Amino acid sequence: MPIDVLVADDSDMMRKAIRKTLGEEPRIRIVGEASNFASTMQMIADFKPDVLLLDLHLPERRDFPPGFVKSQLVSVNRTVAVSFSNDEEAQGLAESYGAEILLDKMKLYSQLVPAILQCRAAA
């Protein structure tokens, strides 16, 4: 049974690259793609993904306090956060959302599939 992944990233180019990378792994299936927090929250409710791949810098992120975001992610088994800046601020934001893993967008090609498969192993 494949791992169902919801991709939440505001960049069309990043979503395309993620789609291509994950599309090469038969154990992973993308169930939806969102470009903002509102559609991410709706797709979580609709698709109940196993893993949420969450860009920490989605538009409107400041409109949703971390506690609210975390409460909306209850139905997601695991959250993997991604960011271009993996400094202490990004790490703190990822943790406040309940993300278990923070990946560097510049290293996604090599780190993305192993991180998602790690989520399956941890479940």
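The sections below set out a description of the structure shown in this document. (Residues numbered from 1 in each chain as written. Predicted model: local features only at pLDDT ≥ 70, side-chain atom pairs only at ≥ 80, totals over all residues. Heavy atoms only, no water.)

1. What about the packing of aromatic side chains?
Test applied: Any Phe, Tyr or Trp ring, taking Trp's six-membered ring, that has another such ring centre within 6.5 Å forms a pair; planes under 30 degrees apart are called stacked, those over 60 apart edge-to-face, and the others tilted. Helix and strand definitions follow DSSP, with helices as H or I runs of at least four residues and strands as E runs of at least two, each counted in order from the N terminus.
What the rule picks out here adds up to one aromatic pair. A centroid spacing of 6.1 Å and a plane angle of 90° characterise the contact between F37 and Y97, whose relative ring orientation is edge-to-face. Of this pair, F37 sits in helix α2 (residues 37-47) while Y97 is found in the loop between α4 (88-96) and β5 (101-104), placing the two residues 60 residues apart along the sequence.

2. Examining the pattern of salt bridges
Put simply, the rule is: For this document, the term salt bridge refers to a Lys or Arg side-chain nitrogen within 4 Å of an Asp or Glu carboxyl oxygen. Only protein chains enter the calculation, and the probe is 1.4 Å; a residue is then buried if its accessible area is under 20% of its type maximum, exposed if over 50%, and partly exposed in between.
One pass over the full model with this rule turns up nine salt bridges. The salt bridge involving D9 is made with K105; its shortest N-O contact spans 2.9 Å. Of this pair, D9 sits in the loop between β1 (3-8) and α1 (12-23) while K105 sits in the loop between β5 and α5 (108-122), and the two are 96 residues apart along the sequence. For the pair D9 and K105, a shared accessibility class is recorded, and that class is buried.

3. Some remarks on the sheet that holds strand β4 (residues 78-83)
Spelled out, the test is: One bridge is not enough; two strands pair if DSSP finds at least two bridges between them. To obtain an axis, a line is fitted to C-alpha atoms, over the contacting stretch when the element is a helix, and the angle between two such axes runs from 0 to 180 degrees between their N-to-C directions. Residue contacts are defined here by distance: any two heavy atoms, one from each residue, within 4.5 Å place the two residues in contact.
Spatial ordering of the open sheet is given by β2-β1-β3-β4-β5, a layout of five strands whose pairing is parallel. Taken across any chain shown, the strands that pair with only one partner, and hence form the sheet edges, are β2 (28-34) and β5. Sheet twist, expressed as the mean angle between neighbouring strand axes with direction ignored, is 25°. Pairing of strand β3 (residues 51-55) with β4 involves five bridges; the strand directions are parallel. The partner of V51 across the bridge, within β4, is R78. Together, β1, β2 and β3 form the strand contacts of α1, whose direction differs from that of β2 by roughly 170°.

4. Quick look at the environment of Q91
Of note, Q91 is situated in helix α4. Looking at Q91, the relative accessible area reads 32%, which means it is partly exposed. Counting along the chain gives 27 residues from Q91 to Q118, while the straight-line C-alpha distance between them is 19 Å.

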